[in-house]
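# Summary of structural features
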Amino acid sequence: MSFQKEKTLVSSFYEALDSSSETNLPDVLGQFCAEELLWRGFHPFDEITGADAVARTFWQPLRTSLKRMQRRQDVFFAGTNSLEPGADVWVVSMGHLMGLFDAPWLGIRPTGKMAFLRYCEFHRIAGGKIVETAMYFDIPHLMVQAGQNPFSPQTAAHLIQPGPLTHDGLLTEDQPEEEGRKTLAAINAMIPDLGQWNSGLSLEDELARTWHDDMIWWGPEGIGATYTIERYAKQHFGPFRASFTDRSKTKHICRLAEGHYGGFFGWPNFTAVPTGGFMGMPATGTPGEFRVIDIYRRAGDKLAENWIFIDLLHFWKQQGVDILARATGIETP
C-alpha cells in the first residue's frame, strides 16, 4: 500500500510551516489543516480545536521564543491505524525543533543559545487535509537546557537524544508491507508484557522476550535514557513498577508501523496509582493519567530502540503539584 500522497502533504506542510514568518502561521495551518483540526498536546496546551487556534496558541508563541527554528527530523513513516480496520492514514514525524532561545516561553527563561525541543507528531489525513494531530513534546527537557531543572535527580541519563543507530528512520519511500507487519507484531507482543506486571518471570527475562539485550530506551526528562535490558530494568522499569499499583489496561488511539519503525499514542494510554515514591516525590494514592507516545525501531524479530514522550507535567498536576509553575513562578491552567 502506498502512502506517498499523505507523506507529501505532511512534508509540504512542514516546509511551509518552518519557512513561514510568525504572522503567517495561521494561514499555513489553514492551508494544510482542516478548519476544525483536533490537536492534542502536552500540558499546559492539552486539547485545542481549530487550525487557527493551534497556530495562535502554540506555534506563534513557540516561534517567537525559539528563533530561526530548524526541524531536525530523525523518524518519518506512515500507515493505517491497525486499531481501526479501513481507517485513515496517519503520518508520524519525530525529532527536535532547534533554534535560538531568545525570548521566554511558558515562563522558561531564554538563554540566547541553541536549544532543542524534543517532539513527536501523529497526523491523521482525510480529504487531503490534516484533520487530527497528536503533538507530544518534552518541555522539562527544554527547561533543563535553560538551567531550570524542575525535577529531582533522575535515575537515567539526560541527553540531547539522537535518532536511530541505523540512520534509516526517514521512510520517504514506501516500504515492503511484510516488514511493517513484522514490526507491528513485535510491538503487539511487547504490549501485554508492558501492561500486566505479573508474568511470573524476572523483569530481565520478561523483557528479553521482545527486546534485544542491547536495547536503548530514550526516555523523557525526569527519567532519562538507559541502555541494555539490565540497566533499563534497574534505572527505570523496575523502579516504575515498584512505585505504582492498579495500572489500568492499555488504551491507544492509534497504533501503526511501516518498515522497521512503528509506534502508538493514547489520551491517556493508561492510569495508575502512585503508592511508592516516584521521581523523588512522595506517593499520593491519587490515580494519574499517562499520556504517552512510543516510537520503536525493530531489528530482526525484536525491538532495539524506543523513544518515549510522557506528559509528566500533566501527571504531576493531577497529583496536586504544578511542576511548571513551581519552576517558573507562572501558574498554569
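Summarised in this report is the structure supplied together with it. (Residues numbered from 1 in each chain as written. Predicted model: local features only at pLDDT ≥ 70, side-chain atom pairs only at ≥ 80, totals over all residues. Heavy atoms only, no water.)

### Observations regarding the layout of surface pockets
- Roughly 290 Å³ of internal volume is contained in the largest pocket.
- Around the largest pocket, the lining comprises 16 residues; the ones closest to its centre are Phe3, Thr80, Glu177, Gly180 and Ala257.
- Of all the secondary-structure elements, those providing two or more residues to the lining of the largest pocket are strand S3 (66-80), helix H5 (177-196) and strand S10 (254-258).
- When residues in the lining of the largest pocket are grouped by element, the largest group, 4 residues, is from H5. (1 Å grid on protein atoms, 1.4 Å probe; cavity = no way out; pocket = protein on both sides within 12 Å on 5 of 7 lines; lining within 4 Å. Points joined across faces, edges and corners; volume = space filled by probe spheres on them. Helix = DSSP H or I, 4+ residues; strand = E, 2+ residues; numbered from the N terminus.)

### Concerning the pattern of salt bridges
- Summed over all chains, the structure comprises 19 salt bridges.
- Residues Asp52 and Arg56 are paired through a salt bridge, measuring 2.9 Å at the closest nitrogen-oxygen approach. In this pair, Asp52 and Arg56 are both assigned in helix H3 (residues 51-65), 4 residues apart and thus about one turn of the helix distant.
- Asp52 sits in the partly exposed class, given a relative accessible area of 39%.
- Glu179 serves as the salt-bridge partner of Lys182, at 3.9 Å between the closest nitrogen and oxygen. With a gap of 3 residues between them, Lys182 and Glu179 both fall in helix H5, about one helical turn apart.
- Taking relative accessible area as the criterion, Glu179 reaches 21% and is therefore assigned partly exposed. (Salt bridge = Lys/Arg side-chain N within 4 Å of Asp/Glu carboxyl O. Buried < 20%, exposed > 50% of the residue type's maximum accessible area, 1.4 Å probe, protein only.)

### Topic: the sheet that holds S3
- Taken in spatial order, the 6 strands make up an open sheet running S2-S1-S6-S5-S4-S3, and their pairing is mixed. In the strand order of this sheet, the two ends are held by strand S2 (47-49) and S3, each with one partner. Neighbour to neighbour, the strand axes of the sheet diverge by 20° on average, direction disregarded.
- In this structure, strand S5 (residues 114-126) lies alongside strand S6 (residues 129-137), joined through 8 bridges in antiparallel fashion. Pairing of Tyr119 across the sheet is with Phe137, part of S6.
- The sheet strands contacting helix H2 (residues 25-32) are strand S1 (33-41) and S6, and the helix crosses S1 at an angle near 105°.
- Across the sheet, H3 is in contact with S1, S2, S3, strand S4 (89-101), S5 and S6; its angle to S3 comes to roughly 130°. (Pairing = 2+ DSSP bridges. Axes fitted to C-alpha atoms, helices over the stretch in contact; angles between N-to-C directions. Contact = heavy atoms within 4.5 Å.)

### Remarks on the packing of aromatic side chains
- Summed over the entire model, instances satisfying the criterion amount to 33 aromatic pairs.
- Each ring, one from Tyr136 and one from Trp267, has its centre 6.2 Å from the other, and the planes form 40°; the classification is tilted. Taken together, the positions of Tyr136 in strand S6 and Trp267 in the loop between strand S11 (261-265) and strand S12 (270-274) put the pair 131 residues apart, joining distant regions of the chain.
- A ring pair is formed by Phe278 and Trp316, whose centres lie 6.0 Å apart and whose planes are at 20°; its orientation type is stacked. Of this pair, Phe278 sits in the loop between S12 and strand S13 (288-290) while Trp316 sits in helix H8 (residues 312-318); the two residues are 38 residues apart in sequence, bridging distant segments of the chain. Residue Phe278 shares its accessibility class with Trp316, and that shared class is buried.
- Aromatic ring contacts, followed pair by pair, group Trp39, Phe42, Phe45, Phe58, Trp59, Trp90, Trp105, Phe122, Tyr136, Phe137, Phe265 and Trp267 into a single cluster.
- For Arg71, the ring lying beneath its charged end belongs to Tyr119, and the centroid distance is 5.3 Å. (Phe/Tyr/Trp six-rings, centres within 6.5 Å; stacked < 30°, edge-to-face > 60°. Lys NZ or Arg CZ within 6 Å of the ring centre and 35° of its normal.)

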